[in-house]
Amino acid sequence: MEKRSRSFYALAAFFGLFLVFLYGPTLTIGMLSFQGSQGGLTFPMRGVSLHWFRDLFEQQAVGDIWGSFFRSLTLGLMVMVTTVIVSVMGGLAFRKRFAGSGVIFYLIITSLVIPSILVSLGVGLIFSQAGLSVHWSTSGYGSQLTWTLPFGLLIMFAVFNRFDKSYEEAARDQGANSWQTIRYVVLPIIAPMLIGVALFGFTLSYDEFARTLLTAGSYNTLPLEIYGMTTNVTTPVIFALGTLTTLFSFVVIGVFLSIVLVMNKRRSRHGSDAGKGMV
Amino acid sequence: MTDQSHLFIQSNAISTDQKKSKRTFHWGRLPDNTTGWLLSLPLAFVLFFFLVLPIAMIVVVSFWGATEFSIYPAFQFENYEFLLTSPVTYQVFWNTIKYALVTWVLTLGIGFTVAYFLAFHVRSLTWQVVLFLLCTIPFWTSNIIRMISWIPFLGRNGIANSTLISMGVIDEPLEWLLFSDFSVILAFVHLYTLFMVVPIFNTMMRIDKSLIEAASDNGASGFQTLTNVIIPLTKPGIMIGSIFVITLVMGDFITVRFMSGSQKANVGRLISNDISLLQYPSAAATAVILLITVLLVISVLLRFVDIRKEL
């Protein structure tokens, strides 16, 4: 192996600094959330305690955190399932050009680049003028889909672009109808990527702020609740909350990534059964 | 995402082939359209009700009038007139563009360097994947928490100030670290650099390594290879990253509000202030102007690269 050049070490150092920049602040509030009960928003630590975490579990102290957490969780799961299903269908549709596909493609791009507050404002206005009341599970849900669907679809476009069509031909040659081909051939092959789409769907919804601002109604989602706290809470309890929800995100990301890893491992272990006399 | 236009080219090619070979057979196109429509029906439904209709609604409401408590249908240009004759508007738009430009330059510099390191200097694929994931994980966590986490660093008695004082670099705490343009841009760079890293890394990974070898065989130095081979070939990734960063920064209101302690303004804040005062028609007019600006910027960016072909 050829020797590492000097630029490698310079770039590696730069990359290291970038990671510190990326994770440093999060780790800092992680530490500060264990601040003693007299401590403030910055160092020095005045003792080490679980005081601020305990505060979070006493509901009256800091608003309806657990209610908003469960709303965000439910909404995240709703958005996740919808994103996966709609993206797969959209991905399948876009394998062939059809009348109107160009328009839909540009709408997807628009959905991605439009300032979030416009979606929030527009959906809010429609609901209020139609005499409907906004609610996180209706208007909030739809608004979040305009953010998660473009990501899901672009992933599916990339997936189907690399998809080897001969698998489908083989299935059809053996007499599978089109539903069977999709159910037993296409979906299992793209399954790991679907987990990726699900990860995007859930986390982007769980953390979404701007698109839910005017569309969530009187019951806050967690990011809205946290934002409300920033204006009137001046104790490390907000760090404790930040640490917990970031940990939750890490767990979710970890679970999704492990599923992908296990799927891929399994696949490479079992490999093909061609030539083994399987029917 | 970068494969999208291949898809189009591919499917384009297929459908023209089909047209040629099946010119006499007219049924051929119908099933394609029908299945396409049926499969994209849920997608079209969501996009219509939560994207097209809201935009249309904003455009309509931007001509409405407002009292202190309610809005009423009308067709007047007052909102636009007020907006376009107020010096505040131009100042705020200029501020928005300034944030976008500075953030763009910084995220491009950092993002390109990081992606370049990952793609060309990390040798094993496993490490590339691991380090790449480390760069993308924060994307799946909360932006608001990531903004809050700068407070202990930048505050008057924060880590930055106390470190600098103990090192003897400064005597008085720096006041401009938090609640300033500096902290706003710092947060933007912190939040959005990975939108540069991901597409640039993605295009770099597809560069044929033999091109780099060919360059060095022909006597190009590392730097010449970078400027003459890698950067031109990475252009599509750079453009996609730029579109992400610029639109995110231009449409933002929450980062500016939070990181400037409500002392700085951009267009998004103008809109959100109007909303909180229930001045929806005025908010809608500002939103229309913002949308037009964003779309103009994107169309300029798209001039530098044929996104359907290059993606």
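Remember, it's a predicted structure, so these values are computed and weren't measured experimentally.

1. Focus: the overall build of chain B
A count of helical and extended segments in chain B gives 16 helices and 2 strands. Considering chain B as a whole, with its 311 residues, one finds that 40% of them fall into the buried category. Partitioning the intrachain contacts of chain B with sequence separation of at least 6 by distance along the chain shows that 70% fall at a separation of at least 24.

2. A closer look at the overall build of chain A
Within chain A, the secondary structure is distributed over 11 helices and 0 strands. Along chain A, helices and strands appear, N-terminal first, in the series α-α-α-α-α-α-α-α-α-α-α. Whereas a compact globule of 279 residues would reach a radius of gyration of roughly 19 Å, chain A reaches 24 Å, over 25% beyond that. In terms of overall dimensions, chain A has a C-alpha envelope of 75 × 65 × 40 Å along the principal axes. Residue burial in chain A is summarised as follows: out of 279 residues, 43% are buried. Taking as baseline every contact in chain A between residues at least 6 positions apart, the subset at least 24 positions apart corresponds to 76%.

3. Re helix α1 (residues 6–32) of chain A
The first and last C-alpha atoms of α1 of chain A sit 38 Å apart over 27 residues, in line with the 39 Å expected at 1.5 Å per residue. Along its length, α1 of chain A shows its largest kink, about 40°, at Y23 of chain A, and proline P25 of chain A lies within four residues downstream of that point. Considered for burial, the residues of α1 of chain A that qualify are F15, F18, P25, T28, I29 and L32 of chain A. For α1 of chain A, the secondary structure elements touched by its buried residues are α11 (237–270) of chain A together with α5 (87–121), α7 (143–148) and α8 (151–154) of chain B.

4. Things to note about the interface of chain A and chain B
Listed as interface residues are 72 residues of chain A and, on the opposing side, 76 residues of chain B. Looking at the side of chain A that touches chain B, the elements that each hand over two or more residues are α1, α3 (65–93), α4 (101–113), α5 (116–129), α6 (136–162), α8 (178–207), α10 (222–232) and α11 of chain A. The greatest single-element share of the side of chain A that touches chain B, amounting to 15 residues, is contributed by α1 of chain A. By residue class, the composition of the side of chain A that touches chain B is 48 nonpolar, 20 polar and 4 charged.

5. Some details on the nonpolar core
In terms of nonpolar packing, the biggest core is built from 141 residues, with L121 of chain A together with A287 of chain B touching the most fellow members. Those residues in contact with A287 of chain B that sit more than four places away from it in its chain are L118 and L121 of chain A together with I58 and I271 of chain B.

6. Some thoughts on the environment of M89 of chain A
Structurally, M89 of chain A can be placed in helix α3. Residues M89 of chain A and L153 of chain A, spaced 64 residues apart in sequence, show a C-alpha to C-alpha distance of 9.1 Å. For M89 of chain A, the contacting residues outside a window of four places in its chain are L39, S40, P42 and L43 of chain B.

7. Regarding the confidence of the model for chain B
Residues shown with low pLDDT carry predicted positions that ought not to be read at fine detail. Residue and element names in this part refer to chain B. Averaged over every residue, the pLDDT of chain B is 84; the share at 70 or more is 87%. The secondary structure element of chain B with the lowest average pLDDT is helix α1 (residues 4–21), at 45, and the one with the highest is helix α3 (residues 41–61), at 94. Under a pLDDT of 50 for its full length, residues 1–29 has, in the predicted model, 33 contacts with residues more than four places off or in other chains. For this predicted complex, the interface confidence comes out at an ipTM of 0.87, alongside a pTM of 0.87.

8. Side note on unusual backbone geometry
Residues and elements named next belong to chain B. The phi dihedral of F179 falls on the positive side, at around 60°, and the residue is not glycine. Within the secondary structure layout, F179 lies in the loop between α9 (159–166) and α10 (181–205). Phi is positive for S262, which is not a glycine, with a value near 60°. Tracing the sequence through the fold places S262 in the loop between α13 (254–259) and α14 (267–276). Note on S262: 12 C-beta atoms within 10 Å, which makes it exposed.

9. A few points about the packing of α5 of chain A against α3 of chain B
Running from N to C, α5 of chain A and α3 of chain B point in directions that differ by 80°, and their axes come no closer than 8 Å. Looking at the two axes, α5 of chain A sits roughly perpendicular to α3 of chain B. Where α5 of chain A abuts α3 of chain B, its residues L118, V119, L121, G122, V123, L125 and I126 of chain A lie against F50, L51, L53, P54, I55, M57, I58 and V61 of chain B. Taken together, the residues that form the contact of α5 of chain A with α3 of chain B break down as 14 nonpolar, 1 polar and no charged.

10. A few points about the packing of α14 of chain B against helix α15 (residues 280–303) of chain B
Residues and elements named next belong to chain B. One can describe the packing of α14 onto α15 by two numbers: an axis separation of 8 Å at closest approach and a directional angle of 160°. The angle between the axes of α14 and α15 places the two elements in the roughly antiparallel class. Crossing handedness for the pair α14 and α15: left-handed. The segment α14 lies against α15, with V267, L270, I271, D274 and I275 engaging Y280, S282, A283, T286, A287 and L290. Residues of the contact of α14 with α15, tallied by class, amount to 8 nonpolar, 2 polar and 1 charged.

11. What to know about the environment of T82 of chain A
Residue and element names in this part refer to chain A. Relative to the helices and strands, T82 is located in helix α3. T82 gets classed as buried once you count the C-beta atoms within 10 Å, which come to 21. Linking T82 and L149, residues 67 residues apart in sequence, is a C-alpha distance of 8.7 Å.

About the criteria used
Residues numbered from 1 in each chain as written. Chains lettered and ligands numbered in written order. Predicted model: local features only at pLDDT ≥ 70, side-chain atom pairs only at ≥ 80, totals over all residues. Helix = DSSP H or I, 4+ residues; strand = E, 2+ residues; numbered from the N terminus. Buried ≥ 20, exposed ≤ 12 C-beta atoms within 10 Å, placed from the backbone. Contact = placed C-beta atoms within 7 Å. Rg over C-alpha atoms; globule rule 2.2 N^0.38 Å. Expected span 1.5 Å × (residues − 1). Bend = angle between axes of the 7 residues up to and from the residue. Nonpolar A, V, L, I, M, F, W, Y, C, P; charged D, E, K, R; others polar. Core = buried A, V, L, I, M, F, W, Y, C linked by C-beta atoms within 7 Å. pLDDT = per-residue confidence, 0-100. Axes fitted to C-alpha atoms, helices over the stretch in contact; angles between N-to-C directions. Parallel < 35°, antiparallel > 145°, perpendicular 65-115°, else oblique. Left-handed = near helix turned anticlockwise from the far one by under 90°.

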